[in-house]
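# Working through the structure, step by step
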Amino acid sequence: MRPLPANFIIGAALVAVVIGVAAVSLIWTPHDPADLDIRGKFGDPSAINWLGTDQLGRDVVSQLMAAARTSMAVALGAVMLGGSVGVGLGLLASAIGGWVEDSVMRLADLGFAFPALLFAIMLAAVFGPSLTNAVLAIAFINIPVFARVARAAANQIWTREYVLAARAAGMSKLAITRDHILPNIAAAVIVQATIEFAVAILAEAALSYLGLGAQPPASSWGRMLSEAQTLMYLAPELAVYPGLCIVIAVLGFGLLGDGLRDITDPRLARAR
Amino acid sequence: MATCQAGSHMTYFLFRRTVGFIATLIAVSIVVFSVMNILPGDPALTILGMDATDDALAALREDLGLNDPVMARYFGWVGGALVGDLGVSHSFRVPVAELISERLPMTVSLAVAGMIVTLMIALSVGIFAAANHGKPGDWLTMFLSQLGIAVPAFWLSILLVLLFAVNLRWLPPGGFPGWSDPVAAMRSLILPTVALALVQSAVLARVTRSSALEVMRQDFTRTARASGLSQRRILWRHVLPNALVPIVTIVGMQFAALVTGTIVIENVFYLPGLGRLIFQSIANRDLPTVQALVMLFAVIVVTANFVVDLLYVLIDPRLKART
């Protein structure tokens, strides 16, 4: 067996840390992330507050941990939602072909005209800013991505002999899609999902930074940065930690996705 | 014969792309209109809020033309937009087109400067990495670009402000003094442009590198090298032009990221452009302005993709014959 690629190992390690921290924050954080202590504001790092406290005396480590949870939850929700709709559309397009395939793919093209930010802006203008709208906006831009990946991968499988044999044996397109197509495109979909996870983390951070995502008192790396930006002359370090967390999470999922692709598609790895 | 055929193929290609472009624009306008006008139920209520009086709501509904049938409102909006009438801003009480034309120069300057700096960084770094393939210089640039992809533009902006404005005090931390003082104006655009370009060039540098590596493996590069041309000349005159097709594709796709990037960056640096206007309009629940701006940004993205499609034909002679 070939050794695992370095990007896979590093990515998996970073992802394990981020998911681990998010999971731990569900049951334990050093302090309540929303606990205010105005007298203890801008506290230096100490045995009690490992990275100090912010402008309202809240514990920075606890907030970073709770924000990891927000980030993972948003990314998971957006990728699952966008991924299942997208993969469903891609499979449908591939199975039926003809004008259905054409229309689905034209719709996917249309999706690319709207970056997540524009969609989030529309939703925020109409319904007010919220984390749910951020999830919907990020999910929306994931639909065309997954639809294309699923269709391209499925189209290849449909030409395989065992699929042709199944069709000749009278198996319905739905059954073939469920039993043969879906399991065989799973690898491609999982690789894409890992990469889209990284994109979703970045998008959530940006939307929350702009005030279109997590609302107080929910913790979010993006929101922590927008608060820290106004305090840069007083406490510059507050503008550093959340950004580092974003980079670790995005880098982790990005590398893991690349590594998974190298493992599942060795042809590509060698071409590089 | 061959040229004639290629010519008619090209006409057909251009025709098909143009029809697709117009169809996409129409579809985009329908999506924007539906989300902004049909989803909220009553836009007047969205704008004025729950405690608005019935009279005020009725007056605003009349004002916004909400009493007309949906189709009439849609065609009224599109028809107006085509002749530059984007409605009246609810919060600024001036035509939206006027608001946009006041702020457009800022956003365009930022996007154009960002694109130029992106290309300068990405092409040099990508070609440098390809020329040093497998050496430490290559690893370092690839490591930095991997990192660059993971760094959000707004955090990079904050770090740049921390370093160059807060600590070194070389550049202003944000705001815009106006074009009447060109030096001060340029100074206040340096950090935003760099923040926008560094993040964008991370992706593009990788594409440039792999595309250049592909070209360098081909025979004509070896011939050029064998005939004694300098490395520099080979790279910039032979490798880069042939590596352009994938680069242009990514540039086109990145244009969307660049446009939304300006929205974010303007808000980080408090620059009075369209991105800032969009957020002021959201805060003011100014639906006509948000609708016009979202449509404008989407049109820019779609147009950029269309232009990239056309550029292919110009750049890649093989496509000219094949399409």
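Residues numbered from 1 in each chain as written. Chains lettered and ligands numbered in written order. Predicted model: local features only at pLDDT ≥ 70, side-chain atom pairs only at ≥ 80, totals over all residues.

What follows concerns the overall build of chain A. Summing up its helical and strand segments, chain A has 10 helices and zero strands in all. Listed by position from the N terminus, the elements making up chain A come as α-α-α-α-α-α-α-α-α-α. Here the C-alpha coordinates of chain A stretch approximately 75 × 50 × 35 Å along the principal axes. Within chain A, the proportion of its 272 residues that are buried is 51%. Considering only contacts within chain A whose residues lie at least 6 apart along the sequence, 70% involve residues at least 24 apart. (Helix = DSSP H or I, 4+ residues; strand = E, 2+ residues; numbered from the N terminus. Buried ≥ 20, exposed ≤ 12 C-beta atoms within 10 Å, placed from the backbone. Contact = placed C-beta atoms within 7 Å.)

Now for the overall build of chain B. Counting its regular elements, chain B contains 14 helices and zero strands. Ordering the α and β elements of chain B from the N terminus gives α-α-α-α-α-α-α-α-α-α-α-α-α-α. Taking the principal axes of the C-alpha coordinates as reference, chain B spans close to 85 × 65 × 35 Å. Looking at the 323 residues of chain B, the share that counts as buried comes to 34%. Long-range pairs, those at least 24 residues apart, make up 70% of the contacts in chain B with a sequence separation of at least 6.

Here we take up the interface of chain B and chain A. Of the residues lining the interface, 35 residues belong to chain B; the matching set on chain A comes to 30 residues. Breaking the side of chain B that touches chain A down by element, the ones donating at least two residues are α1 (2–37), α6 (136–150), α7 (153–167), α11 (244–268), α12 (274–283) and α13 (287–315) of chain B.

This part takes up the confidence of the model for chain B. Residues and elements named next belong to chain B. Chain-level pLDDT for chain B is 85 on average; 94% of the residues reach the 70-or-more range. Taking the mean pLDDT of every element in chain B, the minimum, 52, falls on helix α14 (residues 317–322) and the maximum, 92, on α7. Interface predicted TM-score (ipTM) for the complex: 0.88; the corresponding pTM is 0.88. (pLDDT = per-residue confidence, 0-100.)

Let's shift gears to helix α4 (residues 116–127) of chain A. Residue and element names in this part refer to chain A. Between its first and last C-alpha atoms α4 spans 16 Å; for 12 residues at 1.5 Å apiece the expected length is 16 Å, and the two agree. For α4, every residue scored as buried is listed here: Ala116, Leu117, Leu118, Phe119, Ala120, Ile121, Met122, Leu123, Ala124, Ala125 and Val126. Phi for Gly128, located one or two positions after α4, is positive at around 85°. (Expected span 1.5 Å × (residues − 1).)

Next up on the list: the environment of A:Asn142. All names here are of chain A. Relative to the helices and strands, Asn142 is located in helix α5 (residues 131–158). Looking at Asn142, the number of C-beta atoms within 10 Å reads 28, which means it is buried. Note: C-alpha distance between Asn142 and Ser103 (39 residues apart in sequence) is 18 Å.

What follows deals with the domain arrangement of chain B. Residue and element names in this part refer to chain B. Examined at the domain level, chain B breaks down into domain 1 (2–82) and domain 2 (102–322). Between domain 1 and domain 2, the contact holds 14 residues from the first and 15 residues from the second. Of all elements in the fold, only α1 and α2 (43–48) reach the threshold of two or more residues within the side of domain 1 that touches domain 2. Classifying every residue of the side of domain 1 that touches domain 2 gives 10 nonpolar, three polar and one charged. (Domains from an automatic or database assignment. Nonpolar A, V, L, I, M, F, W, Y, C, P; charged D, E, K, R; others polar.)

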